[in-house]
Amino acid sequence: MKNEATIRYRLSLEPAYQIIYWSISWTTFFISLIGILEIQRVNVVSILAAIIFILTAYIGLGSYLTINHTNMEFSYLRGMKKESIPLESIKKIKGHHLSQQIDFKTERPKFWFYFFNKKIKTQFYHHFVTDYPAIPLSEEFIKTPTYMDTSVFQNDQRD
């Protein structure tokens, strides 16, 4: 049974890696589709390319950030790369346009970058402010406009 205090957010890959990864994945899908449509029957190359596409899509959609009472756990590519960060070691969380940055108090890595889409970034911000008030969020994170932030449009002069 899952702990109700555990929150899970879907992570994105770094934008450059994400473009390369999904380009390769979709290329295998189109190769399988072209192979089936050109020959007018299913062949081994098309089946193999379709299986590679399904496998890469399954692995690519499995990156998560899990927060519980003591740790932030990052799991990229269905757990192929895992990292756990104790909440006590976090000095501040900074938000940038595309990424978020964790600054550490005294640990060996001085910072850690991770990536959300806009909707999940907003959800993370609202949950983190209420559940973990001892860890400060930078003003850049707070000022980053999101899809729910209507104050960005107050000075809009459209008719």
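Notes on the structure in this doc start here. (Residues numbered from 1 in each chain as written. Predicted model: local features only at pLDDT ≥ 70, side-chain atom pairs only at ≥ 80, totals over all residues. Heavy atoms only, no water.)

It is worth spelling out the overall build of the chain at this point. If you tally the helices and strands in the chain, you get four helices and seven strands. Scanning the chain from its N terminus toward the C terminus, one meets helices and strands in the order β-α-α-β-β-β-β-β-β-α-α. Counting the 159 residues in the chain, one finds 37% classified as buried. Put simply, 49% of the contacts in the chain that link residues at least 6 apart link residues at least 24 apart. Total accessible area computed for the chain in this model is approximately 11,000 Å², and 61% of it derives from carbon and sulfur atoms. (Helix = DSSP H or I, 4+ residues; strand = E, 2+ residues; numbered from the N terminus. Buried < 20%, exposed > 50% of the residue type's maximum accessible area, 1.4 Å probe, protein only. Contact = heavy atoms within 4.5 Å. Areas by Shrake-Rupley, 256 points an atom, 1.4 Å probe, with all protein chains shown as cover.)

Turning our eyes to something else, we now look at the packing of aromatic side chains. Across all of its chains, the model carries 14 aromatic pairs by this definition. Relative to F29, the ring of W26 has its centre 5.5 Å away and its plane inclined at 85°; by these criteria the two rings are edge-to-face. Of this pair, W26 and F29 both sit in helix α1 (residues 15-39), three residues apart, roughly one helical turn. Given a relative accessible area of 40%, W26 falls into the partly exposed group. (Phe/Tyr/Trp six-rings, centres within 6.5 Å; stacked < 30°, edge-to-face > 60°.)

Okay, the sheet that holds strand β7 (residues 111-115) next. Pairing within the open sheet is antiparallel, and its three strands lie in the order β5-β6-β7. Lying at the two open borders of the sheet, with one neighbouring strand each, are β5 (90-95) and β7. With direction set aside, neighbouring strand axes in the sheet form an average angle of 20°. (Pairing = 2+ DSSP bridges. Axes fitted to C-alpha atoms, helices over the stretch in contact; angles between N-to-C directions.)

A word on the sheet that holds strand β2 (residues 64-67). Taking strand neighbours across the sheet as the criterion, the four strands line up as β1-β2-β3-β4 in an open arrangement whose pairing is antiparallel. The outermost strands of the open sheet, each flanked by one partner alone, are β1 (7-10) and β4 (81-86). Strand after strand, the sheet turns through a mean of 15° between neighbouring axes, direction not considered. When β2 meets strand β3 (residues 71-76), the two strands line up antiparallel, connected through four bridges. By the bridge assignment, Y64 is partnered in β3 with S75. Sheet strands touched by helix α3 (residues 118-131): β1, β2 and β3. Its angle to β1, the strand with the most contacts, is close to 155°.

The next subject is the pairing of β1. Only one face of β1 is covered, namely the one carrying I7 and Y9; the face carrying R8 and R10 has none of its residues buried. Sheet analysis places β1 next to β2, joined by four bridges and oriented antiparallel. For R10, the partnering residue across the bridge sits in β2 and is Y64.

This part covers unusual backbone geometry. A positive phi angle, close to 55°, is found at L77, a residue other than glycine. Locating L77 in the fold gives a position in the loop between β3 and β4.

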